Amino acid sequence: MYGLLLDCVQKFLRDTYGERYWALIRRKAKLTNHWFVTHEVYSESIMHDLVEAAAEELGQDKETVMTMFGEYFAENVGRYGYSRLLRVLGRDLRDFLNGLDDLHDYLKVSYPKMQQPCFHCSDETPNGLVLHYTTKRQGFLCYVIGQLKTVGGIYGKDVAISVLSEDLGEKETHYALNLEFDNREFLCKNQKVDGGLDLSISYEDFFSTFPFSLVFGSDMTVVHVGAKLGDILPGVKGRTLQEAFVLQRPHVIGDELSWRKISFHDNCTFELVSRQRVARPAASSLAELEMEEDSGVEVRCLEDGPCLKLKGEMRPLQGTEYMIFLCSPIIESPEELYQTGLFISDLPMHDSSRESILSGSQQSQNLALALNQEKLRNGEPPLSTCRVLPSVSILFSD
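The notes below deal with the structure included here. Every chain's residues receive numbers from 1 upward, in the order its sequence appears when written. Local features are withheld for residues below a pLDDT of 70 in this predicted model, meaning they are given only at 70 or higher, and side-chain atom pairs are given and counted only at 80 or more; totals for whole chains, interfaces and linings count all residues. Side-chain descriptors were evaluated using all non-hydrogen atoms of the structure, hydrogens and water having been removed beforehand.

### A closer look at the overall build of the chain
Each helix and strand in the chain was counted, giving 16 helices and 10 strands. Relative accessibility thresholds used throughout: buried, under 20% of the residue-type maximum; exposed, over 50%; partly exposed, between the two (1.4 Å probe, protein chains only). Buried positions account for 43% of the 398 residues belonging to the chain. Contacts are assigned to residue pairs that have any heavy atoms within 4.5 Å of one another. For the chain, restricting intrachain contacts to residue pairs at least 6 apart in sequence, the fraction spanning at least 24 positions comes to 59%. The protein chains shown are the only cover counted for residues, whose accessible areas, like all others here, come from Shrake-Rupley with a 1.4 Å probe. Approximately 22,500 Å² of the chain is accessible, and the part contributed by carbon and sulfur atoms is 51%. Secondary structure elements are taken from DSSP: a helix is a run of H or I of four residues or more, a strand is a run of E of two residues or more, and numbering for both begins at the N terminus.

Encoded structure:
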């Protein structure tokens, strides 16, 4: 568990009950920490110890304490620089809830070891929806309920929450929560727009616009792949989606890729990883050899290459028994792009893939600098931000 959650608990107890109660609760929980670093990982048991100690000292049950913790976190998320992210996640509450799973995916950039929960909406009506919450942690249901009620208030909605079901598995727990609120925006979304224009495009134009898309039928057999995807993953066409890919997101539907489960999660972001490895074949020109030397990347044969990650949405093709996966490759650096045998010009112009790859190195450096500054602000010694290397070369030049 990252210190972000624990630091917020500490601030809640101090702000609400004072320094004296925080000291009592900290001693009762047998904590040696006087503060928590937001980007540092701590034991899961610390949160449970704090909840038990706070419930005893404050004369509240643990469920109430966890709800208060969740409410405070959602109210004060701006302290950690995420208030703007919450505001732009959705135009209204239903948009926020439908994008909740993506929010945790964004946060994973800053918190790479995060065990993110999974959220998915279903059974949406003008009076609310059902939110499916899946987590590997135990005891955080009330924390999430507190957050949801507070976020509802941010959007001007009074949200009533009840637990429809609880499914305790070996590795994770699934909750179905019934959220009742004024969801009139749902009606606006389902209104059909008649612009009087025929916007149909040709088969060739569509798949040149989405060169990494693929189409599969109700039997899960892939019947078409985009030109660029077919170049680096030959043999995918004619195989089932389960044979060709491993599902990474959404986690809530388990390992099996079935038509029914994909249709049920049509408002989720999907991430698939190819079972077949891809790589750039041996360099065939002097220019390619120079690129290899400059990048420091070894050119590898297909069987030793990386797997391709695809991210996008599943859309049913109306009037047919086919579904299309509109996606783009997840590639984080020019070196990784080169390994997969792709070029910048292969990537779609309509999304941000090109810009993300070219700016990825600079973003990584900025993130590392921000994390180091956070450590120093929290009182860590300056040496904790340094790297230890076995040897270095230093050039002095006039």
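### Digging into the pattern of salt bridges
The salt bridge definition used is simple: a Lys or Arg side-chain nitrogen within 4 Å of an Asp or Glu carboxyl oxygen. Scanning the model with the defined rule gives 14 salt bridges in all. A salt bridge links K28 to E57, with the shortest nitrogen-to-oxygen separation between them at 3.7 Å. Within this pair, whereas K28 is found in helix α2 (residues 19-28), its partner E57 is found in helix α3 (residues 45-58), the two being separated by 29 residues in sequence. Close ionic contact of R315 with E313 constitutes a salt bridge, the shortest N to O distance being 3.9 Å. One connected set of salt bridges, linked through shared partners, spans D101, D102, R249 and E271.

### A few points about the nonpolar core
Looking at soluble globular proteins, one finds that nonpolar side chains tend to be buried together. Residues belong to one nonpolar core when they are buried, are Ala, Val, Leu, Ile, Met, Phe, Trp, Tyr or Cys, and are joined through side-chain atoms within 4.5 Å. The biggest cluster of nonpolar side chains holds 62 residues, and the ones touching the most others in it are M47, L50, F69, F96, L97, L148 and L179. A total of 8 residues in this core trace back to one element, the largest contributor, which is α3. When near neighbours in sequence (up to four residues on either side) are disregarded, F96 contacts L86, L89, G90, V151 and Y155. Of all hydrophobic cores here, the second largest spans 31 residues; its members include L229, L272, M323 and L337.

### Remarks on the sheet that holds strand β3 (residues 160-168)
Between any two strands, at least two bridges found by DSSP are needed for them to pair. Strand order in this open sheet of 4 strands is β1-β2-β4-β3, and the pairing throughout is antiparallel. Edge strands, defined here as strands with exactly one partner in the open sheet, are β1 (118-125) and β3. On average, each strand axis in the sheet is inclined to that of its neighbour by 20 degrees, with strand direction left out of account. Here β3 pairs with strand β4 (residues 173-180) via 8 bridges, running antiparallel. Residue pairing across strands places L168 opposite T173, the latter belonging to β4. Angles here are taken between N-to-C directions and fall from 0 to 180 degrees, while the axes themselves are lines fitted to C-alpha atoms, restricted in helices to the stretch in contact.

### Some points on the pairing of strand β2 (residues 128-135)
Counting buried positions along β2 gives 8 out of 8 residues, so the element sits mostly inside the fold. Burial along β2 is two-sided: the residues G128, V130, H132 and T134 and L129, L131, Y133 and T135 are all buried. In this sheet, β2 lies alongside β1 in antiparallel orientation, the contact comprising 6 bridges. Looking at β2, one finds that S122 is bridged to V130. The turn linking β1 back onto β2 is made up of 2 residues. Pairing of β2 with β4, which is carried by 8 bridges, proceeds in the antiparallel orientation. Bridge pairing in β4 links Y133 to Y175.

### Concerning a nonpolar patch on the surface
Put simply, a patch holds well-exposed residues, over 30% relative accessible area, that have no salt bridge, with like charges counted together within 9 Å and Val, Leu, Ile, Met, Phe, Trp or Tyr side chains within 5 Å. Together, L389, V392, I394 and F396 make up an exposed nonpolar region whose accessible area comes to about 490 Å². Looking at the element boundaries, L389 is found in the segment after α16 (353-377).

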